[in-house]
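Per-entry structural report
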Amino acid sequence: MQDQEPLAARPLHDKGVRGNTPLGRFLRTHGDIIRAEWAQALHEHAPDQALERTLLHDTLPGFLVRLAEAADTTPASESGPRWPQPYSDEHALQRLEQGLRLEHVVLEYTQLRRGLHRGMVRVGLVPGLDELEWLHEVLDRGLARATALYTHLHARMFEALERVSEATLASEDIDGFLPKLLRVLQDAVLPVDGASILLREGDGLRLRAAVGLGADEALETGIQLGLDEGVSGQVAHARRPLLVHEASRHPELRSELVRQLGVRASYSVPLQHDGTLVGVAHMCSRTVFDFTPSDQLLFRVMLTRATSFIVQAELAERERQARATAQRSLAQLDTLLEASPVGIGLLDRELRVQHINEALARLNGPPVAEQLGRTLREVAPPWATELLEPLFHQVLDAGQPVSNHEFTRPAQPGVAPAHWLGNYYPVRDGEGAVVGLSCVVVDITRQKEVETALRRSGELREQLIGVVGHDLRSPLNAISASATLLRRDGALSAASQRGVERIRTSAARMARMLNDLLDFARSTHGGLPVQRERVDLHELCRGALEELQVAHPRRRLELETRGHGEGWWDPDRLVQVVGNLVGNALHHGDPDAAVHVRVQDLGDDVALSVHNEGEPIPAALQATLFQPFRPGTTGKAARRSVGLGLYIVQQVARAHGGAVEVHSAPGEGTTFTVRLPRGTDPAGT
């Protein structure tokens, strides 16, 4: 710029000449010099204030063009001087909204004057006195207008914001604050007939407050919109204010109420906090077609100030709700803990008691209040401390629970023994670090007493069964032997022979029952004893079935063998298994169908299965088939035994390391399968 040839110093105007004056040419062609000088001067006086994206900075070239046109025409104009405005109204509003003081607005206009002077000096232009007076008058008028507008609006804004602050202090929640805010707005902006605020809830907007025109109807309707619906959605999406003329005819309008009310002008502003959409606010009028820039600014500034409180109020409301929910939950939890017969406690990493209920406090001794904040060693009996401290440290160090820990209070003079079952769990913070432990202690003293009584009762019962079963064998053997001798007496009549046969059969059944009872008594003391020897299960089943066939000549018994059937088992016990399963099939199966026995080679195991046709075993009975004294059917057949046959089968299978299972379904009959590992020579040869 400095290399340009300066203009000759001469009067600005030749008398009677219109247009193309030196001042006009300077303003048109050297606007960049003027703006650079203005920006440099402002930077020297206010280095912290950015000029980019300010209205005066952006519109200065256009103002200089208008100023040039006025400079070319004003001296010869018959209607008087022209006074172009440098956007003083809009610029003053903008700087007020940005929070700058009046001094800065004045500074920008005074430095604009300085920039013009320095620019003229830079290009060598020397204006006359009348031109300088006219130029200063233009700038003075703009500065006076900007100052007056700034001062007036600042006073209005200060008063409105003061009332907003009062409403904030007087409101406990957002639903009380929003209507007060809108009433302050309605009083501050006279053309406003109605105002409303919609707050964001999830993916939509919901009307939370309304005053003035149509407020009651709108609140009663409960307006809810999506984030892309209507004028509100348009403002929410664009995140920019929107002024609408003839709002009741707007194509995006979704409110039929606004149409009915004949709203003319509406101004909508997005409510934002840290870049997040909070909601949308509206003001409307049916008496004016437009809102002035100052009214729009006042609306924006008030809502910007209020948005922070809205966000804080929403957070406070959620916090109150969460606190209320937590307090209710804690109250319910406290009630549950105090009413619970189970001892519950929380300890920190130093084993200080953080919480303890009455049931656990009684175990330690002191009342609840005296245990809080104290260590385990300070509140628990020494025997309990020595027992529990290592386990608690294990939970804290390993971060793993310790479950089903039974412990007993040592015997003390005059104090009955007591037993407890404890479960101890790590307590973690939000990041997963172990910050303490919880313990749940159940008093099982009564259960232990019941278990002891039952065990003693069971032992007495088993002893009685054993004694009675053993003592009954002698008379039963005598009865069986006598019946066998009488059967050989050829002098007996046919009726007497049948009677003797019934005696012998009944004695044999009684013997089997006694054997089952004795086996049951033995099984409760470490399981049934077995004497292993090398056995061919094929031959064993064949011999057992031959004996059963003699006893049941009218029934069909079938044997199927597959593969290798040898193993190390107790032959007597396996004969007992075959007899019980086949006898069970004969009693409960279809009398016209065969009972099928199969021995199958499974490699290291051998499977013995017994199948019969007939009605399936009810599902309710299948769950208890192998329990003692539970007959596998109902009715007359159930009274033929004491219900130990299947239990003995299961115990024999377990004694050999095997298992037994049943499959019974309609149309498929019933199959019991015993799986037996082959075993090894007990002598090791």
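Residues numbered from 1 in each chain as written. Predicted model: local features only at pLDDT ≥ 70, side-chain atom pairs only at ≥ 80, totals over all residues. Heavy atoms only, no water.

1. Some remarks on the overall build of the chain
Cut-off, in case you're wondering: The numbering of helices and of strands both runs from the N terminus, where a helix is a DSSP run of H or I of at least 4 residues and a strand a run of E of at least 2. Between buried and exposed lies partly exposed: a residue is buried under 20% and exposed over 50% of the maximum accessible area for its type, with that area taken using a 1.4 Å probe on protein chains only. The contact criterion used is simple: two residues touch if any of their non-hydrogen atoms lie within 4.5 Å. Each accessible area value is a Shrake-Rupley result obtained with a 1.4 Å probe; residue values ignore everything except the protein chains displayed when judging cover.
Within the chain one finds 21 helices and 18 strands. By residue count, 42% of the 685 residues in the chain fall in the buried class. Across the chain, every contact between residues at least 6 apart in sequence was considered, and the portion connecting residues at least 24 apart equals 61%. Approximately 36800 Å² of the chain is accessible, and the part contributed by carbon and sulfur atoms is 52%.

2. So, helix H9 (residues 230-238)
Of all the positions in H9, only Gly230, Val231, Ser232, Gly233, Val235 and Ala236 are classed as buried. For H9, the elements touching its buried residues are strand E1 (194-201), strand E2 (204-212), strand E3 (224-226), strand E4 (242-244), strand E5 (265-273) and strand E6 (276-285). Where H9 ends, the next residue or the one after it, Arg239, has phi of about 60°, a positive value.

3. Section: the layout of surface pockets
The test is simple: We place a 1 Å grid over just the protein atoms. Points where a 1.4 Å probe fits but has no way out form a cavity, open points with protein on both sides within 12 Å along at least 5 of 7 lines form a pocket, and any residue with an atom within 4 Å of a point lines it. Grid points are joined across faces, edges and corners, and a volume is the space filled by probe spheres set on the points. All residues other than Ala, Val, Leu, Ile, Met, Phe, Trp, Tyr, Cys, Pro, Asp, Glu, Lys and Arg, Gly among them, are scored as polar; the first ten of these are nonpolar and the last four charged.
If you add up the space inside the second largest pocket, you get close to 540 Å³. Considering the residues around the second largest pocket, the lining is formed by 32 residues, among which Ser196, Leu253, Ser255, Val258 and His282 are closest to the centre. At the level of elements, E1, E2, helix H8 (215-221), H9, helix H10 (256-261), E5 and E6 are the ones that each hand at least two residues to the lining of the second largest pocket. When residues of the lining of the second largest pocket are assigned to their parent elements, the largest contribution, four residues, is made by E1. In the lining of the second largest pocket, the residues fall into 20 nonpolar, ten polar and two charged.

4. Details of empty space enclosed by the protein
Applying the stated rule across the entire model yields one cavity of 30 Å³ or more. The calculated volume of the largest cavity comes to roughly 140 Å³. In this structure, the largest cavity is lined by 17 residues; those nearest its centre are Leu360, Asn364, Leu376, Phe392 and Cys439. Among the elements of the structure, strand E7 (343-348), strand E8 (353-356), helix H12 (358-364), helix H15 (382-398) and strand E11 (434-443) are those that each provide at least two residues to the lining of the largest cavity. Here the lining of the largest cavity is composed, by residue class, of 14 nonpolar, three polar and no charged.

5. Concerning the sheet that holds E4
We apply this condition: In short, DSSP must find at least two bridges between two strands for them to pair. In this analysis, axes come from line fits to C-alpha atoms, helices being fitted only over the stretch in contact, and the angle between any two N-to-C directions falls in the range 0 to 180 degrees.
Strand order across the open sheet formed by six strands is E3-E2-E1-E6-E5-E4, with antiparallel pairing between neighbours. Strands with a single pairing partner mark the edges of an open sheet, and in this sheet they are E3 and E4. Strand-to-strand twist of the sheet, defined as the mean angle between neighbouring strand axes without regard to direction, takes the value 25°. Pairing analysis gives three bridges linking E4 to E5, with the strands arranged antiparallel. Its bridge partner lying in E5, Leu242 is registered against Ser268.

6. A word on the pairing of E11
Looking along a regular strand, one sees the side chains alternate between the two faces of the sheet. With six bridges connecting them, E7 and E11 associate as antiparallel partners. Bridge pairing in E11 places Leu347 opposite Leu437. Of the pairings in the sheet, the one linking strand E10 (residues 419-428) to E11 comprises nine bridges and is antiparallel in character. What sits directly across from Tyr424, in E11, is Cys439. Between E10 and E11, which pair antiparallel and follow one another directly, the connecting turn spans five residues, one of which, Gly432, has a positive phi of 90°.

7. A look at the side chain of Ser266
Within the fold, Ser266 resides in strand E5. In this view, Ser266 contacts Leu242, Leu243, Val244, Ala247, Met283, Cys284 and Phe291; residues no more than four positions away in its chain are not counted.

8. Examining the pattern of salt bridges
Condition: The salt bridge criterion pairs a side-chain nitrogen of Lys or Arg with a carboxyl oxygen of Asp or Glu, the two atoms within 4 Å.
Going through the model one piece at a time under the given rule, you end up with 17 salt bridges. Put simply, Arg113 and Asp140 hold a salt bridge, and the shortest N to O gap is 2.6 Å. With Arg113 in helix H5 (residues 102-123) and Asp140 in helix H6 (residues 129-170), this residue pair connects regions lying 27 residues apart in the sequence. Residue Arg113 is classed as buried on the basis of its relative accessible area, which comes to 17%. On the basis of relative accessible area, Asp140 is assigned to the partly exposed category, the value being 35%. As a salt-bridge pair, Glu201 and Arg206 come within 2.8 Å of each other at their nearest N and O atoms. Classification of Glu201 as partly exposed rests on a relative accessible area of 34%. One salt-bridge network, in which partners are shared between bridges, spans Glu201, Arg206 and Arg208.

9. Some remarks on H5
As a reminder, the rule being used: Given the number of residues in a helix, its expected span is that number minus one, multiplied by 1.5 Å.
The end-to-end C-alpha distance of H5, which contains 22 residues, comes to 32 Å, matching closely the 32 Å that a straight helix rising 1.5 Å per residue would cover. At the C-terminal side of H5, Gly124 shows a positive phi close to 80°.

10. Examining the packing of aromatic side chains
Using the following cut-off: Each pair of aromatic rings taken from Phe, Tyr and Trp, with Trp reduced to its six-membered ring, is defined by centres within 6.5 Å and is described as stacked if the planes are under 30 degrees apart, edge-to-face if over 60, and tilted in the remaining cases.
All chains considered together, the criterion is met by six aromatic pairs. A ring pair is formed by Trp383 and Phe407, whose centres lie 6.4 Å apart and whose planes are at 45°; its orientation type is tilted. Taken together, the residues Trp383 in helix H15 and Phe407 in strand E9 (residues 402-408) connect sequence positions 24 residues apart. Residue class for Phe407 comes out buried when judged on its relative accessible area of 5%.

11. A word on the nonpolar core
This is how it is decided: We call a set of buried Ala, Val, Leu, Ile, Met, Phe, Trp, Tyr and Cys residues a nonpolar core when their side-chain atoms join them within 4.5 Å.
With 37 residues, the main nonpolar core has Leu537, Leu581, Val582, Leu608 and Val674 as its most contacted residues. Every element with two or more residues in this core is listed here: helix H18 (537-551), helix H19 (571-588), strand E15 (595-601), strand E16 (605-612), helix H21 (645-655) and strand E18 (669-677). Counting residues per element, this core draws most heavily on H19, which supplies seven residues. With near-sequence residues (within four places) excluded, Val582 lies in contact with Leu545, Leu548, Leu557, Val595, Val597 and Val610.

12. Looking at the packing of H18 against H19
As a reminder, the rule being used: Orientation is classified from the angle alone, with under 35 degrees giving roughly parallel, over 145 giving roughly antiparallel, 65 to 115 giving roughly perpendicular, and any other angle giving oblique. For any helix crossing, the convention is left-handed if the near helix is rotated counterclockwise from the far helix by under a right angle, and right-handed if that rotation is clockwise.
Packing of H18 against H19 leaves a shortest axis separation of 10 Å and a crossing angle of 50°. Classified by the angle their axes make, H18 and H19 are oblique. The two elements H18 and H19 cross, and the hand of that crossing is right-handed. Residues Leu537, Leu540, Cys541, Ala544, Leu545 and Leu548 of H18 lie in contact with H19, whose contacting residues are Pro571, Leu574, Val575, Val578, Gly579 and Val582. When the residues that make up the contact of H18 with H19 are grouped by side-chain class, the tally is eleven nonpolar, one polar and no charged.

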